[in-house]
Amino acid sequence: MKVLTLNFLTCAVKSCKSSSDSFPLHPKDAELAKDDVEINPQLLANVLPRLDWNALRTTSTELGFPSLPDQPPSPEDLTADEKMLQELHSLLMETQIMEGKLVCGHCGHEYAIREGIANFLLPSHLV
Amino acid sequence: MAALPSSSAATAVARLNAAATAAQRDAETEAEAYERTHVHGVYQAIAPHFSATRHKPWPAVALFLHAQPPGSVGLDVGCGNGKYLGVNPAVIMLGSDRSPALVALARSRLGRPDDAGIQGVTKIRSEARSAATTATSTDAAGSAVSTGQGGGAAISDVLVADGLSLPFRDAAVDFAICVAVIHHLSTRARRQDAIRQLLRCVKPREAGSGQVLVYVWALEQGASRRGWDEGGEQDLLVPWVLKSQTQARAQKECRHGQATSKDVNTAVTNTGGETPSTATASAGEPGDTQTAGVASQTDPVFKRYYHLYRKGELEEDVLAAGGVIITSGYERDNWWVVAANGTPSSRPEQ
Ligand SMILES: [Zn+2]
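Residues numbered from 1 in each chain as written. Chains lettered and ligands numbered in written order. Predicted model: local features only at pLDDT ≥ 70, side-chain atom pairs only at ≥ 80, totals over all residues. Heavy atoms only, no water.

Per an unreviewed UniProt entry, the recorded name for chain B is S-adenosyl-L-methionine-dependent methyltransferase, and the organism is Echria macrotheca.

Labelled according to an unreviewed UniProt entry, chain A appears under the name Multifunctional methyltransferase subunit trm112, originating from Echria macrotheca.

Undergrad: Looking at this structure, I do not really get the sheet that holds strand β4 (residues 117-118) of chain A. What am I missing?
TA: Think of a sheet as strands paired side by side through backbone hydrogen bonds, with each pair either parallel or antiparallel. Residue and element names in this part refer to chain A. Strand order in the open sheet formed by 4 strands is β1-β2-β3-β4, and the pairing between neighbours is antiparallel. Edge positions in the sheet fall to β1 (26-34) and β4, since each of these pairs with one other strand and no more. Bridging between strand β3 (residues 110-114) and β4 involves 2 bridges; their strand directions are antiparallel. Note on β4: the bridge partner recorded for Arg-114 is Ile-117. Taken strand by strand, helix α5 (residues 82-94) contacts β1 and β2 (95-103), and its axis lies near 60° from that of β2. (Pairing = 2+ DSSP bridges. Helix = DSSP H or I, 4+ residues; strand = E, 2+ residues; numbered from the N terminus. Contact = heavy atoms within 4.5 Å. Axes fitted to C-alpha atoms, helices over the stretch in contact; angles between N-to-C directions.)

Undergrad: Explain the coordination of the zinc ion to me, please; I cannot follow it from the model alone.
TA: Each donor-metal-donor angle in an ideal tetrahedron of four donors is 109.5 degrees, and each such angle in an ideal octahedron of six donors is either 90 or 180 degrees. Residue and element names in this part refer to chain A. Only Cys-11 (SG), Cys-16 (SG), Cys-104 (SG) and Cys-107 (SG) from the protein coordinate the zinc ion, and they sit 2.3 to 2.4 Å from it. Taken together, the 4 donor atoms surrounding the zinc ion define angles of 104 to 114° at the centre, an arrangement classified as tetrahedral. Sequence spacing of the donor residues for the zinc ion, all on one chain, is C-x4-C-x87-C-x2-C. With Cys-11 in the loop between α1 (3-6) and β1 and Cys-107 in the loop between β2 and β3, the pair connects residues that are 96 residues apart, well separated along the chain. The exposure class assigned to Cys-107 is partly exposed, which follows from its relative accessible area of 36%. (Donors = N, O, S within 2.8 Å, 3.2 Å for Na, K, Ca; no water. Tetrahedral: all angles 85-135°; square planar, octahedral: opposite > 155°, others 65-115°. Buried < 20%, exposed > 50% of the residue type's maximum accessible area, 1.4 Å probe, protein only.)

Undergrad: Just to check I follow, could you spell out the sheet that holds strand β10 (residues 323-331) of chain B for this structure?
TA: All names here are of chain B. Spatial strand order, β3-β2-β1-β4-β5-β11-β10: 7 strands in an open sheet with mixed pairing. Both edges of this open sheet fall to β3 (157-160) and β10, since each of them pairs with a single strand only. With direction set aside, neighbouring strand axes in the sheet form an average angle of 15°. In this sheet, β3 lies alongside strand β2 (residues 92-97) in parallel orientation, the contact comprising 4 bridges. Residue pairing in the sheet places Gly-95 in a bridge with Val-158 of β3. On top of the sheet, helix α7 (residues 188-201) reaches β1 (73-77), β4 (175-179), β5 (211-217), β10 and β11 (334-341); it is set at about 155° to β5, its chief contact.

Undergrad: Can you help me understand the interface of chain A and chain B in this one?
TA: Interfaces are often sized by the accessible area lost when the parts come together. Listed by partner, the interface residues are 36 residues for chain A and 45 residues for chain B. Counting the surface lost from both chain A and chain B, the interface buries some 3200 Å², and carbon and sulfur atoms represent 59% of this. The three residues of chain A that bury the most area against chain B are Phe-8, Arg-50 and Glu-115 of chain A, which together make up 23% of that side's buried surface. One can count 1 salt bridge joining chain A with chain B. Seen at the junction of chain A and chain B, the total is 15 residue pairs in polar contact (both at pLDDT 80 or more). Broken down by secondary-structure element, the contributors of at least two residues to the side of chain A that touches chain B are α1, α2 (41-47), β2 and β4 of chain A. In the side of chain A that touches chain B, the residues fall into 19 nonpolar, 8 polar and 9 charged. (Buried area = accessible area lost by both parts, 1.4 Å probe. Salt bridge = Lys/Arg side-chain N within 4 Å of Asp/Glu carboxyl O. Polar contact = N/O pair within 3.5 Å; in protein donor to acceptor, adjacent residues only side chain to side chain. Nonpolar A, V, L, I, M, F, W, Y, C, P; charged D, E, K, R; others polar.)

See the structure below:
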């Protein structure tokens, strides 16, 4: 599962969705892999406004990546800063969690990731 | 029955909600158990065979996907083998499905690196590959997702989730599609809840954004040979034969054994309502050879539950789920609707 995808995910439990603690989910025991994806500055610029930047900063830190700036870079920033472009591309588009868990900060439920696929099916008592 | 105006549909839903009792929770549990047997279990069992017969996108779905601006992020809820994930390579698709076996197939189509691991998964992947090699040239062309050029398809992703408990945050994405999925839910409340979930995940309605495409099998199939049409039974068990060289017969049964099985005197094929090939064109598709070795005794038959939508019913369900209709139509035995979130005041209390 890509780091980008994680930015769109929250806990599958209905009663968790109203809690700010359920987003972002927290990776645990994460094994990472890196895809080789051609860099596409335009796509990155289009995607950035669709992200929750604060959640991405949290995820980046939790996965051991360098801390991100307080504010998302503008398209101009990205053009001017090749290193920033490269780092964001690598984090969002290329980095995958292959094995591990995603933990909800509200209910504590752990969702398994195996073979790069996260499983959000809930046990019946949580549905 | 004429389509209900939205206010009365909303009132009806409010009344239903108010009447929620322990008995209804029991009914919900029963519905879940029923779908586990007659939907989820079946797709897990037939995944590679099913996948091998699913290549061509429905035209209305392809049109909808191509209308999304570059860089948009969209959901494909019930993505199956992921055939829609690469239709518009300029958008990023997040696919989810209830079946882990189908999600594994979808992921392998995305061309993600294999990390040699659990044997079962590797096996499914190799079956998918052999199915692709035996496909006709047109099918083969459509069977892999183009991931080159660093487009959105290269970063599309898949995960396992239930459509009634989607793990996406509110208003997370620009659009969503849900093709041939909602007709597998066995109560109207659950079908409407599935639509409500889709609407929850998309952004508020804006010029061309925040749209949800829902596509379901129609009751009115006068032009097909399945024998179903207006006025007929809407809740059916439709057989899937794991070796479709055998001429399958359409069996029509009411749910929960309320009526005895009635054979429909027309041939039915495993294409179901989900692929735009004709009944005859689907015979002898690549899945057959791939599963021939598995079916050593008699060919296993799996029965999938379907609710066939009558004219106007899908629109009623969208309204009851708090949505508004943007456009709707009929395409080759299916009803479809493009919906968006209604104004907050039109949403039923919950
Ligand atoms: Zn939770």
